[in-house]
Amino acid sequence: MATITDVARAAGVSVSTVSHVINGTRHVNEATAALVKEAIKNLGFVPNAVARSLVRSSTDAVGIAISISTNYYFNDIVSSIERACAAIGQLVFLCDTQNDPATELKLVRELVQRRVDGVILAPSSDPENRAIDYLKSSRMPFVLVDRLTVEDADGVCLDNEAAMETLIDHLAGHGHRRIGLIAGEPGLRSTIERVRGYVGAMRKHGLEIDRSLMSEGNANSADARQSALEILSRSDRPTAIASGNNLATIGVMRAVRDLGLRISEDLALIGFDDFDWADCFEPRLTVMAQPSEMIGMQAAEMLSRRIKSSTANARQVRLPAKLVIRRSCGCGGH
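Residues numbered from 1 in each chain as written. Predicted model: local features only at pLDDT ≥ 70, side-chain atom pairs only at ≥ 80, totals over all residues. Heavy atoms only, no water.

The N-to-C vectors of helix α5 (residues 73–87) and helix α12 (residues 292–308) enclose an angle of 40°; their axes lie 7 Å apart at closest approach. Between α5 and α12, the angle falls in the class oblique. Here the hand of the crossing between α5 and α12 comes out right-handed. In this structure, α5 uses Tyr-73, Asp-76, Ile-77, Ser-80, Ile-81, Arg-83, Ala-84 and Cys-85 to contact α12, whose residues at the interface are Ser-292, Glu-293, Ile-295, Gly-296, Met-297 and Ala-300. (Axes fitted to C-alpha atoms, helices over the stretch in contact; angles between N-to-C directions. Helix = DSSP H or I, 4+ residues; strand = E, 2+ residues; numbered from the N terminus. Parallel < 35°, antiparallel > 145°, perpendicular 65-115°, else oblique. Left-handed = near helix turned anticlockwise from the far one by under 90°. Contact = heavy atoms within 4.5 Å.)

The structure is reproduced here in structure tokens:
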């Protein structure tokens, strides 16, 4: 296997000159650089990534700490981040936090110890924000995605309150007065904001906020199903339900099936997240579609800027959702 010394000998230059050409750490005139690149090609020399990272103080790698296994929605965000990072030559290390604060902190520590250039984090429900505090104390560039749990950090997410308000506006505009809510995992910033949007929209329309029609503790589809069974088994059950994420939507659909009810005819249903098979059900699902690709792209761009400028003011972006009307809301899919 060829070494950097072999390249220097073949090109007729010093080892330091070869290093500068490879790492871009100092200007080398074009003619000399061309000789070095030709020697590298002819010898099949492969630079040592670890050595390059020590010279350049950069690993060209970023970490993503996100609960990829617990929510399908994150798949699109991660794919978008990977594409954006690949376009600028960055490798991505993906860590599954499972929405568990202890696992999240452990993985974030390992990413920092592996000297990644930056971290994109979807925070768990940790009330102490330990992973974020660790990133700050380590002076590691980072960007929050989906859940903006602190104000003094870069981040990008959905405008959750406005999205839920639009959802309730749609249902109230079609005559629904008793609207239930099956929210997502308790303690998550996105759940808190969507509940806030629900309450605000109900008040705006002069509708009763019946806490017995609200469930905020649904970490998975099984929990959401149980919550929906309880709400829909009432004699005064709601005529519509808003679900806080795709897992909650699946849980509600299972509860409706178990009770022998019909979505659209007996119950209007609108959920968050336009997953690939949302229009494969009958009736097809009306959803609030999140701009997942844009969220991932902006998170990668924010992190790239933060890596280059650690002293810039924090910037947070909230993107709008899109109401995709199909048939589950009882509106005919127009």
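So, on to the sheet that holds strand β2 (residues 91–96). Read across the open sheet, the six strands follow the order β2-β1-β3-β4-β5-β11; overall the sheet is parallel. In the strand order of this sheet, the two ends are held by β2 and β11 (316–319), each with one partner. For this sheet, the mean inter-axis angle between neighbouring strands, taken without regard to orientation, is 15°. Sheet topology note: the strand β3 (residues 118–121)/strand β4 (residues 142–145) ladder contains three bridges and is parallel. Its bridge partner being in β4, Val-119 is matched across the sheet by Phe-142. (Pairing = 2+ DSSP bridges.)

Right, let's talk about the pairing of β11 for a bit. Going residue by residue along β11, you find Val-317 and Leu-319 tucked away on one face and Gln-316 and Arg-318 left uncovered on the opposite face. Pairing between strand β5 (residues 154–158) and β11: four bridges, direction parallel. Across the sheet, the residue bridging to Leu-158 is Leu-319, located in β11. (Buried < 20%, exposed > 50% of the residue type's maximum accessible area, 1.4 Å probe, protein only.)

The next thing to look at is the domain arrangement of the protein chain. What the domain assignment lists for the protein chain is domain 1 (4–56), domain 2 (61–158 + 292–319) and domain 3 (160–290). Each of domain 1 and domain 2 was reduced to a C-alpha centroid, and the two centroids are 33 Å apart. (Domains from an automatic or database assignment.)

The next subject is the sheet that holds strand β9 (residues 268–272). The mixed open sheet is built from six strands, whose spatial order is β7-β6-β8-β9-β10-β12. Unpaired on one side and paired on the other, β7 (214–215) and β12 (322–324) mark the two borders of the sheet. Across four bridges, the pairing between strand β6 (residues 179–182) and strand β8 (residues 240–243) is parallel. Counterpart to Ile-182 in the pairing with β8 is Ser-243. Relative to β9, helix α8 (residues 160–173) is tilted by about 165°, and along the sheet it contacts β6, β8, β9, β10 (286–289) and β12.

Now for the pattern of salt bridges. A complete count under the given rule lists 19 salt bridges for this structure. Between Asp-266 and Arg-262 there is a salt bridge, with its nearest N and O atoms 3.2 Å apart. A relative accessible area of 47% places Arg-262 in the partly exposed class. Sharing partners across several salt bridges, the network here consists of Arg-178, Asp-210, Arg-234 and Asp-236. (Salt bridge = Lys/Arg side-chain N within 4 Å of Asp/Glu carboxyl O.)

Attention now goes to the side chain of Asn-245. Within the secondary structure, Asn-245 is located in the loop between β8 and α11 (246–258). Judged by relative accessible area, which is 11%, Asn-245 ranks as buried. Here Leu-247 takes part through its backbone nitrogen, which lies 3.1 Å from a polar atom of the side chain of Asn-245. When sequence neighbours within four positions are dropped, the list of residues in contact with Asn-245 reads Gly-184, Glu-185, Arg-194, Phe-272 and Asp-273. (Polar contact = N/O pair within 3.5 Å; in protein donor to acceptor, adjacent residues only side chain to side chain.)

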